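# Chain and residue survey
The chain contents come next:
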Amino acid sequence: MMWFQKRFSLRPKSRGFHLVTDEITTQLPELANVKVGLLHLQLLHTSASLSLNENADPTVRQDFESFFNRTVRENEPWYRHDYEGPDDMPAHLKSSLLGTSLMLAISEGRLALGTWQGIYLGEHRNSGGERRIIATLQGE
């Protein structure tokens, strides 16, 4: 049984949902050494999110952004936490709704994703900047 942990960053993204599967797997060549295992990804931020969803049609990511912007609006009068601007509290709420971590299966040195599945970074800030991830790999 092997354990491995690594920290890395994703390039800054504009606000919205971004397919980052390739950017993540490029940072983890160690996946190739695992026949069967698990990869845990934890985003080290509270104003962005990770999720697994449709990887082929970019309109799905646009629809995600539209849905969450309608569901969690900016400038609500009851928000008290607004020190960093009108996108601050909504970003934290979106992050809590979607989550900041994923547990993914590894099979034969690759992520065992469905045909149309990919990893999304939900960037919920207008200027979120570089996003840090800690990846924990367990397997044999």
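In this convention, every chain numbers its residues from 1, walking through the sequence in written order. A pLDDT threshold of at least 70 governs which residues receive local features in this predicted model, and a stricter bar of 80 or more applies before side-chain atom pairs are shown or counted, although totals over entire chains, interfaces and linings include all residues. Excluding hydrogens and water, the side-chain values take into account all heavy atoms of the structure.

An unreviewed UniProt entry annotates the chain as YjbQ family protein of Shewanella litorisediminis. UniProt positions are given in the numbering used here, feature names are shortened, and annotations may be inferred rather than shown by experiment. UniProt lists a comment for the chain under the heading Sequence similarities (unreviewed entry), and it reads "Belongs to the UPF0047 family."

In summary, soluble globular proteins display a tendency toward joint burial of nonpolar side chains. For this analysis, a nonpolar core means a set of buried residues of the types Ala, Val, Leu, Ile, Met, Phe, Trp, Tyr and Cys, connected via side-chain atoms within 4.5 Å. Buried residues are those whose accessible area, probed at 1.4 Å on protein chains only, stays under 20% of the maximum for their type, while exposed residues exceed 50% and partly exposed ones sit between those limits. In terms of nonpolar packing, the biggest core is built from 21 residues, with I24, L28, L39, L41 and I119 touching the most fellow members. Working rule for contacts: check all heavy atoms of both residues, and any pair within 4.5 Å makes them a contact. Each residue touching I24, except ones within four places of it in the same chain, is listed here: F8, L10, L41, I119 and I133.

With that settled, the discussion passes to the packing of aromatic side chains. Aromatic rings from Phe, Tyr and Trp, with only the six-membered ring used for Trp, were paired whenever their centres fell within 6.5 Å, and each pair was classed as stacked if the ring planes differed by under 30 degrees, edge-to-face if by over 60, and tilted otherwise. Per the stated rule, a full pass over the model turns up seven aromatic pairs. Each ring, one from F64 and one from Y120, has its centre 5.4 Å from the other, and the planes form 75°; the classification is edge-to-face. Linking F64 in helix α2 (residues 58-71) with Y120 in strand β7 (residues 117-123), this pair joins segments that are 56 residues apart in sequence. Both residues of the pair, F64 and Y120, belong to the buried class. Ring centres 5.0 Å apart and planes at 90° place the aromatic pair F67 and F68 in the edge-to-face group. Going along the chain from the N terminus, every DSSP run of H or I of four or more residues is numbered as a helix, and every run of E of two or more is numbered as a strand.

The next subject is the sheet that holds strand β1 (residues 2-10). Ordered in space as β1-β8-β3-β5-β6, the five strands form an open sheet in which the pairing is antiparallel. Taken across any chain shown, the strands that pair with only one partner, and hence form the sheet edges, are β1 and β6 (110-111). Criterion used throughout: strands pair if DSSP finds at least two bridges between them.

All right, on to the sheet that holds strand β2 (residues 16-19) then. If you trace the three strands from one edge of the open sheet to the other, you get β2-β7-β4, paired in antiparallel fashion. The open sheet has two free edges, formed respectively by β2 and β4 (48-54), since each of these has just one partner strand. In this sheet, adjacent strand axes meet at a mean angle of 30° when their direction is disregarded. Sheet topology note: the β2/β7 ladder contains four bridges and is antiparallel. Along β7, the bridge assignment pairs G16 with E123. For helices, the fitted axis covers only the stretch in contact; all axes are lines through C-alpha atoms, and the angles between them, taken along N-to-C directions, range from 0 to 180 degrees.

With that settled, consider α2. A helix is expected to span 1.5 Å for every residue after the first. In a regular helix each residue adds 1.5 Å, so 14 residues correspond to 20 Å; α2 covers 20 Å between its end C-alpha atoms and thus fits that length. Listed as buried for α2 are R61, F64, E65 and F68. One side of α2 carries all its buried residues, which in axial view fall inside an arc of 95°. Turned more than 90 degrees away from the buried face of α2, the exposed residues are Q62, D63 and R70. Packed against the buried residues of α2 are β2, β4, α3 (88-98) and β7. The reported arc concerns the directions from the helix axis to the C-beta atoms and nothing else.

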